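# Architecture at a glance
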Amino acid sequence: MQIILTGPNDAPLFDNLHEDVFDAPPQPELLQSYLADPRLHMAVAVVDRQIVGTISGMHYHHPDKPPQMWINELGVAEPFRRRGIATALVRSLSEHARTLACTEIWVVADPTDMAEGFYTSLGWERTGERLAMFTGSLDTP
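Report on the accompanying structure. Here the structure is a predicted model, which is why all the values come from computation and not from measurement.

Rules of the game
- Residues numbered from 1 in each chain as written.
- Predicted model: local features only at pLDDT ≥ 70, side-chain atom pairs only at ≥ 80, totals over all residues.
- Heavy atoms only, no water.
- Salt bridge = Lys/Arg side-chain N within 4 Å of Asp/Glu carboxyl O.
- Helix = DSSP H or I, 4+ residues; strand = E, 2+ residues; numbered from the N terminus.
- Buried < 20%, exposed > 50% of the residue type's maximum accessible area, 1.4 Å probe, protein only.
- Core = buried A, V, L, I, M, F, W, Y, C linked by side-chain atoms within 4.5 Å.
- Contact = heavy atoms within 4.5 Å.
- Phe/Tyr/Trp six-rings, centres within 6.5 Å; stacked < 30°, edge-to-face > 60°.
- Pairing = 2+ DSSP bridges.

Our next topic: the pattern of salt bridges. Applying the stated criterion to the full structure yields four salt bridges. With its nearest N and O atoms 2.5 Å apart, the salt bridge here joins E95 to R98. On the criterion of helical spacing, the pair formed by E95 and R98 is a turn pair, its members being three residues apart in helix 2 (residues 85–99). Owing to a relative accessible area of 55%, R98 belongs among the exposed residues under this scheme.

The structure is reproduced here in structure tokens:
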């Protein structure tokens, strides 16, 4: 397994992507835009030249807080789970976050036993009790 922190020239890596990594196939223009954005970060796990896992994050700051890394998505294709790939991906993004002077890395996850077990195995602390997500369409005023 190889972990690669992707950059603007890495779109060709995604030509050999396990179908179970993303919710849908990446759209080339969206992929290129993502990879070119300096605040968006993605590491991929490659096995036999195929991407079998990804982690995406965004580093940001507020006027009252130092930079932080937010994990947006973490996914490993079903046949490759429980092999340490997710752990390696989180560690890779964490190390990258340190180079960006981030003082914290965090994720919001469904409070399942799997998420609880995984993140606590990394030494992370659960800081919330519930998860609620709200969305608003921007298509209409």
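I55, F80, I85 and L89 are the most contacted members of the largest nonpolar core, which has 22 residues in total. Elements with a minimum of two residues in this core: strand 2 (40–47), strand 3 (50–62), strand 4 (65–76), helix 2 and helix 3 (113–121). Counting residues per element, this core draws most heavily on helix 2, which supplies six residues. Contacts of I85, omitting those with residues within four sequence positions, involve M1, A45, V52, V76 and F80. If you look at the next biggest cluster of nonpolar residues, it comprises ten residues, including I4, L35, M42 and I51.

Evaluated as defined, the whole model comprises four aromatic pairs. Ring geometry for Y119 and W124: centres 5.3 Å apart, planes at 35°, overall tilted. Each member of the pair, Y119 together with W124, is buried. By way of ring pairs, the aromatic residues F118, Y119 and W124 are connected into one cluster.

Moving on, we get to the pairing of strand 2. Counting buried positions along strand 2 yields seven of eight residues, so the element is predominantly enclosed. When strand 1 (residues 2–5) meets strand 2, the two strands line up antiparallel, connected through four bridges. Within the sheet, the bridge partner assigned to I4 lies in strand 2 and is V44. With eight bridges connecting them, strand 2 and strand 3 associate as antiparallel partners.

In short, geometric facts, not functional conclusions.
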